[in-house]
Amino acid sequence: MTPPSTLPAQGSPLPSPLDLGGRTALVTGAAGGIGRACALRLAAAGAKVRAVDRDAAGLEELAGLARGLAGAVEPHVLDLTDLDAAELAAAGTDVLVNNAGLQLVRPIEEFPPDVFHTVLTVMLEAPFRLIRGALPHMYGQGWGRIVNVSSVHGLRASAFKSAYVAAKHGLEGLSKTAALEGAPHGVTSNCVNPAYVRTPLVEKQIADQATAHGIPEERVVSEVMLQDSAVKRLIEPEEVAEAVAYLCSPHASFVSGTSLVLDGGWTAH
């Protein structure tokens, strides 16, 4: 029996720093929040990061923050509703981080159908097209890492978020399917599932949540966002980025088709 303090012979006794030198990573929604943190973390590990977002100014700011890191950040302005362009952008990618998202908080009977369509396009159909574009290269080299930034809402539902919850639940299924198909080719696919993260996307929800629940904005964080979390704080983007980095590491090569939950105990109920 292998002693608990050691790894199998082919491994090292202690985890080594993540080294993505020579690898190309693509991160969507990279201009801010979780995407920015992921792009910087992967670039710090040596990756050449294609930073995808429709926010050109945000991408330029990101590129400036990445100067001096082991890798590099290449801004790539793209609206993910252009699905053909999204698939082309993923060609030659070794690490794919599907992170881009948007949110609208409304009851179903008041939810605009065009917004529902856009949310599903950006958060489910675009990841499918990006994975489709990345897999030929990954399969050809026998290695690839797909990380889908899902949410606790990929595992649990909340009222007034029909499009977001539907998209994240669909992303979970897409990720598992990619894991099953990719396993014979050395490709893993996983979801990272944070609860509420301190990002502009979350900050923009506060007014909508206050209206939907009929409470003042100052009560939204404590009474709505953190109500089901045992750990009473927002998650920092860098914490999510570290989970993404772990899934790209050699020590996570057997982790595939699952969800890495960072929800402060939300789903423990």
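Residues numbered from 1 in each chain as written. Predicted model: local features only at pLDDT ≥ 70, side-chain atom pairs only at ≥ 80, totals over all residues. Heavy atoms only, no water.

Details of the overall build of the chain
Each helix and strand in the chain was counted, giving eight helices and seven strands. Taken along its principal axes, the extent of the C-alpha atoms in the chain is 60 × 45 × 35 Å. When the 269 residues of the chain are sorted by exposure, 49% land in the buried category. Pairs at least 24 apart in sequence give 72% of the contacts found in the chain among residues at least 6 apart. Total accessible area on the chain stands at roughly 12,500 Å², and carbon and sulfur atoms take up 57% of it. Seen as two clouds, the 20 positive and the 28 negative side-chain charges of the chain have centres 4 Å apart. (Helix = DSSP H or I, 4+ residues; strand = E, 2+ residues; numbered from the N terminus. Buried < 20%, exposed > 50% of the residue type's maximum accessible area, 1.4 Å probe, protein only. Contact = heavy atoms within 4.5 Å. Areas by Shrake-Rupley, 256 points an atom, 1.4 Å probe, with all protein chains shown as cover. Lys, Arg positive; Asp, Glu negative; His and termini not counted. Charge placed at Lys NZ, Arg CZ, Asp CG, Glu CD.)

Some details on the confidence of the model for the chain
Per-residue confidence for the chain averages 93 on the pLDDT scale, and 94% of its residues sit at or above 70. With pLDDT under 50 throughout, residues 1-9 is counted as low confidence; its partners more than four residues away or in other chains account for four contacts. (pLDDT = per-residue confidence, 0-100.)

As for the environment of P75
Mapped onto the elements of the fold, P75 is located in strand β3 (residues 72-77). Taking the C-alpha atoms as reference, P75 lies 9.7 Å from D55; in sequence the two are 20 residues apart. With near-sequence residues (within four places) excluded, P75 lies in contact with A51, L59, E60 and A63.

As for the pairing of strand β6 (residues 187-194)
Burial of β6 is extensive: eight of the eight residues sit out of reach of the surface. Burial along β6 is two-sided: the residues V187, S189, C191 and N193 and T188, N190, V192 and P194 are all buried. Bridge count for strand β5 (residues 144-149) against β6 is six bridges, and the pairing is parallel. In the strand pairing of β6, N148 is matched with C191. Crossover handedness for the path β5 to helix α5 (residues 162-182) to β6: right-handed. Bridge analysis of β6 against strand β7 (residues 259-262) gives four bridges, and the strand direction is parallel. When the sheet's bridge partners are listed, V192 is paired in β7 with L260. (Pairing = 2+ DSSP bridges. Right-handed = clockwise from strand over helix to strand, strands pointing away.)

Re the sheet that holds β5
One open sheet accounts for seven strands, arranged β3-β2-β1-β4-β5-β6-β7; its pairing is parallel. Whereas interior strands pair on both sides, the edge strands pair on one side only; in this sheet they are β3 and β7. Each strand of the sheet is rotated relative to its neighbour by a mean of 15°, with strand direction disregarded. Bridge count between strand β2 (residues 48-53) and β3: six bridges; the pairing is parallel. Pairing of V49 across the sheet is with V73, part of β3. Strand contacts of helix α1 (residues 33-44): β1 (24-28), β2, β3, β4 (95-98), β5 and β6, with the helix running at about 170° to β1, the strand carrying the most contacts. The strands that helix α8 (residues 237-247) touches are β4, β5, β6 and β7; relative to β6, the one it contacts most, it runs at about 160°. (Axes fitted to C-alpha atoms, helices over the stretch in contact; angles between N-to-C directions.)

Points about helix α4 (residues 113-141)
Counted at 1.5 Å a residue, the expected span for α4 with its 29 residues is 42 Å, and the 41 Å between its end C-alpha atoms agrees. Along α4, the helix axis deviates most sharply at T121, where the bend reaches about 40°. Once α4 finishes, G142 follows within two positions and takes phi at roughly 75°, a positive value. (Expected span 1.5 Å × (residues − 1). Bend = angle between axes of the 7 residues up to and from the residue.)

Describing the pattern of salt bridges
A full pass over the atoms with the stated rule returns ten salt bridges. With a closest N to O distance of 2.9 Å, R198 and E236 form a salt bridge. On the criterion of sequence distance, the pair formed by R198 in the loop between β6 and α6 (200-213) and E236 in the loop between α7 (220-225) and α8 is long-range, its members being 38 residues apart. E236 sits in the partly exposed class, given a relative accessible area of 26%. Its salt-bridge partner being R219, residue E223 comes within 2.7 Å of it at the nearest N-O pair. Several salt bridges converge on common partners, so that one network encompasses D84, E87, R129 and R132. (Salt bridge = Lys/Arg side-chain N within 4 Å of Asp/Glu carboxyl O.)

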